[in-house]
Amino acid sequence: MRMSFQSKSAVNHFFALTFAALFVLLAPGAMAQDLKLALSSPPTSMDPHFYNLFPNLNVSDHIFETMVTMDADSRIIPGLAESWTMINNLTWEFKLRKGVKFHDGSDLTTEDVAWSIDRPATIIGSPGKFDVYTKAIINKKIVDANTIRFTTKEPYPLLLADLTSIYIVSKKATTGLSSDDFASGKGMVGTGPYKFVKFLRDDRLELDRNDGYWGKKPVWPKVTLRFIPNGATRLAALLADDVQAIENVPTPDLAQVRANQALALFSKVSHRVIYLYPDTRREKSPFITDRDGKPLDKNPLQDARVRIALSMAINREAIKERVMEGLSEPTSNLVPGTLFGHNPALKVLKYDPEGAKKLLAEAGYPNGFGLTLHTPNNRYVNDEKIAQTIAQMWSRVGVATKIEGLPMGVYSARGAKQEYSMGLLGWGAQTGEVSSPLRALVACENPAKGLGGFNWLKYCNPKMDEPLLKALNTVDDRERLKLLQDATAILIHDGGVIPLHHQVTTWATKKGIVYLPRTDERTHAYQFSQ
């Protein structure tokens, strides 16, 4: 029997409609292209417990997960733990999700959780350890394969927030490994939405989708995270279709990106504060000189009047307008107004060069002195440009300032060794409140209590520590808020650090690709969609 032309046409039309319907049903997830995403900073380590540094966290998020996590607005939500209960003021019980598997097919159990809580304290040579987030736990009790209890020495309201920073690794896959082993793929066995394929240091990380993932399946079957520190090069890669998305759009190119109909721009105010940290401890500081460049025997940064004068000499609004192209929020706080612990009484310090000169004269430096400001040059938005602008402002009030910019890997290694007199750095409030920067950056160093892990120049003010330590053991939120605000005020009035602004983070994509912008600045391939 032969089919007529009309019948063939009808059949072909039927198949065409069926294929079109299938295409609509399958897209975008099943038929999505691979995603190439350009990040602005490469990780310094693939070991998720080695170095608490933002580029490392950003990469680890794709492969490893935490017991509890943060949503796009830095609110705590369930992660690998589906629920938790306070048994009493000192004991927390967590229930793991059932059926979660590591990338090697093995089951996630509370043995892996207990191992992951203990492991950060065993890491050797870390310039920024994760055990600041585990110090409060003095006992662990495995109830069963999916139930674990943590006991703290004192009431500790930050336990949930701390656990957002501790990645859960496979005990079987990581036992006996050194941190260096992870770069080759050893130990890279997580529960996250993507699996490790290949890591080329300072170049790229290749990932495959975890099709057995317990949560929402990622759109992209394969992801390449490319590390392109130079902003212009990163944008050029997007325009040339070498990548489909980038983070941290160069501020001089924002107008171009906004006007380009082939691109989409996304942005959000970050909880990251960009700040300066002065050497307040050493009588003689390595990069302090007189106006002629000769080393000074007495460190002027030990005088709070000098530190406040330097802060007064910074025009934060000018930095926002001329350097940041509007992508910053000047501040005298360590966290933005949306986060717990923000102190609204701390107004942005007014630009007052004459007042700064007067304070310098009162402190015994009417003719100023010399200073080198060290800064990363590939980590934060316009980091070296910000430092250069500040150097010009300080030079106008008599503090002759030189700039030395370094790649973040080099900068942080030297900073942890106290090699600077004044440095620029950024800190994101990973716990969602001001206790994060207070205890990590400026608390008197106390490794036993997990304090001062990033206090590179050893600032120590017992008057500030007193309300901070009380806050860390206060469950009542109203009382804890006041204690944290008081600690912040003591710090800022002492000039222990000099806050500049909170970044506004940007992402750009090819049109049709959408990103959910995050307060914590993190760039997650699995949160890009079509």
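This is a predicted model, so every value here is computed, not measured.

**Q** Could you give me a rundown of the overall build of the chain, with the residues and numbers involved?
**A** Helix and strand counts for the chain stand at 15 helices and 22 strands. Its C-alpha radius of gyration of 25 Å places the chain within 12% of the 24 Å reference for a compact globule of 530 residues. Along the first, second and third principal axes, the C-alpha atoms of the chain reach 105 × 55 × 40 Å. Burial statistics for the chain: of 530 residues in total, 56% are counted as buried. Across the chain, the fraction of contacts at a sequence separation of at least 24, relative to all contacts at a separation of at least 6, is 69%. Taken as a whole, the chain presents about 22,300 Å² of accessible surface, with 53% of it coming from carbon and sulfur. Placing the 64 positive and 56 negative side-chain charges of the chain at their respective mean positions leaves the two points 2 Å apart.

**Q** If you had to explain the state of the cysteines to someone new, which residues and values would you point to?
**A** One pass over the full model with this rule turns up one disulfide. Through a disulfide, cysteine 444 is tied to cysteine 460; the S-S separation comes to 2.0 Å. What sets the handedness of the cysteine 444 and cysteine 460 disulfide is the S-S torsion sign, and at about 95° it is right-handed. With cysteine 444 in the loop between α13 (435-442) and α14 (462-472) and cysteine 460 in the loop between α13 and α14, this pair connects stretches of sequence that are 16 residues apart.

**Q** Would you mind going over the nonpolar core in detail, with residue names and values included?
**A** Counting 135 residues, the largest nonpolar core has Phe94, Phe150, Leu205, Leu225, Leu276, Trp394 and Leu438 as its most contacted members. Among the elements that make up this core, the one with the highest residue count is strand β14 (residues 263-278) (seven residues). Apart from the residues lying within four places of it in its own chain, the contact partners of phenylalanine 94 are Met67, Ala81, Ser83, Trp84, Asn146, Thr147, Ile148, Phe150, Leu159, Leu160 and Leu163. Ala237, Val243, Ile246 and Val257 belong to the second largest nonpolar core, which has 14 residues in total.

**Q** Please set out the sheet that holds strand β8 (residues 147-152) residue by residue, giving values where relevant.
**A** Taken in spatial order, the four strands line up as β5-β6-β8-β7 in an open sheet, and their pairing is antiparallel. Where the open sheet ends on each side, the last strands, each with one partner, are β5 (81-88) and β7 (137-144). Here the strands of the sheet are splayed against their neighbours by 20° on average, with no regard to which way each runs. In this structure, β5 lies alongside strand β6 (residues 91-96), joined through six bridges in antiparallel fashion. From the neighbouring strand, alanine 81 faces β6, where its bridge partner is leucine 96. Across the sheet, helix α3 (residues 110-118) touches β6, β7 and β8, and the angle it forms with β7 is around 170°.

**Q** Before we move on, can you summarise the packing of aromatic side chains with the specific residues and values?
**A** On inspection of all chains with the given rule, the structure shows 13 aromatic pairs. Arranged with centres 4.1 Å apart and planes meeting at 25°, the rings of tyrosine 515 and phenylalanine 528 form a pair that is stacked. A residue pair is termed long-range when its members are at least 10 positions apart, and tyrosine 515 in strand β21 (residues 514-515) and phenylalanine 528 in strand β22 (residues 528-529) qualify at 13 residues. Cluster of aromatic residues (ring-pair linked, three or more members): Tyr51, Tyr275, Tyr277, Tyr411, Tyr420, Trp427, Phe454 and Trp456. The ring of phenylalanine 54 is capped by arginine 272, whose NZ or CZ atom sits 4.6 Å from the centre of that ring.

**Q** A description of unusual backbone geometry should follow, citing residues and the corresponding values.
**A** At aspartate 241, a position not held by glycine, the phi torsion is positive, near 65°. Turning to its location among the elements, aspartate 241 is positioned in the loop between α6 (231-239) and β13 (245-247). Look at glutamate 325: it is not a glycine, yet its phi comes out positive at around 55°. Looking at the element boundaries, glutamate 325 is found in the loop between α9 (316-323) and β16 (328-330).

**Q** Would you mind going over the side chain of arginine 518 in detail, with residue names and values included?
**A** Tracing the sequence through the fold places arginine 518 in the loop between β21 and β22. Residue arginine 518 is classed as buried on the basis of its relative accessible area of 4%. At 3.1 Å, the side chain of arginine 518 forms a polar contact with the backbone oxygen of methionine 70. Here aspartate 71 takes part through its backbone oxygen, which lies 3.5 Å from a polar atom of the side chain of arginine 518.

**Q** Describe α13, naming the residues involved and giving the relevant values.
**A** With eight of its eight residues buried, α13 lies for the most part within the structure. The secondary structure elements touched by the buried residues of α13 are α4 (159-163), β14, β19 (422-428), α14 and α15 (477-494).

**Q** Lay out the environment of alanine 400 with the relevant residues and their values.
**A** Secondary-structure assignment places alanine 400 in strand β18 (residues 399-406). A C-alpha to C-alpha distance of 9.2 Å links alanine 400 and glycine 293, two positions 107 residues apart in sequence. Excluding its chain neighbours within four sequence positions, the residues that come into contact with alanine 400 are Arg291, Phe369, Gly370, Leu371 and Ser395.

**Q** If you had to explain the side chain of histidine 524 to someone new, which residues and values would you point to?
**A** Within the secondary structure, histidine 524 is located in the loop between β21 and β22. When residues no more than four places from it in sequence are discounted, the contact partners of histidine 524 are Asn58, Asp61, His62, Tyr515 and Arg518.

**Q** Explain the environment of tyrosine 156 to me, and be specific about the residues and the numbers.
**A** Considering the arrangement of structural elements, one finds tyrosine 156 in the loop between β8 and α4. Residue contacts for tyrosine 156: discarding those within four places in its chain leaves Asn89, Trp92, Ala136, Asp162, Arg439, Leu472 and Asn473. At 2.5 Å, the side chain of tyrosine 156 and the side chain of arginine 439 are in polar contact.

**Q** Which residues make up the packing of α13 against α14, and what values go with them?
**A** Relative orientation of the contacting elements α13 and α14 amounts to 130°, with a least axis distance of 11 Å. The angle between the axes of α13 and α14 places the two elements in the oblique class. Taken as a pair, α13 and α14 cross one another with a handedness that is left-handed. Contact residues: α13 offers Ser435, Leu438, Arg439 and Val442, while α14 offers Met464, Asp465, Leu468 and Leu472. Considered class by class, the residues forming the contact of α13 with α14 number five nonpolar, one polar and two charged.

Reading the values: rules and limits
Residues numbered from 1 in each chain as written. Predicted model: local features only at pLDDT ≥ 70, side-chain atom pairs only at ≥ 80, totals over all residues. Heavy atoms only, no water. Helix = DSSP H or I, 4+ residues; strand = E, 2+ residues; numbered from the N terminus. Rg over C-alpha atoms; globule rule 2.2 N^0.38 Å. Buried < 20%, exposed > 50% of the residue type's maximum accessible area, 1.4 Å probe, protein only. Contact = heavy atoms within 4.5 Å. Areas by Shrake-Rupley, 256 points an atom, 1.4 Å probe, with all protein chains shown as cover. Lys, Arg positive; Asp, Glu negative; His and termini not counted. Charge placed at Lys NZ, Arg CZ, Asp CG, Glu CD. Disulfide = S-S within 2.5 Å. Core = buried A, V, L, I, M, F, W, Y, C linked by side-chain atoms within 4.5 Å. Pairing = 2+ DSSP bridges. Axes fitted to C-alpha atoms, helices over the stretch in contact; angles between N-to-C directions. Phe/Tyr/Trp six-rings, centres within 6.5 Å; stacked < 30°, edge-to-face > 60°. Lys NZ or Arg CZ within 6 Å of the ring centre and 35° of its normal. Polar contact = N/O pair within 3.5 Å; in protein donor to acceptor, adjacent residues only side chain to side chain. Parallel < 35°, antiparallel > 145°, perpendicular 65-115°, else oblique. Left-handed = near helix turned anticlockwise from the far one by under 90°. Nonpolar A, V, L, I, M, F, W, Y, C, P; charged D, E, K, R; others polar.

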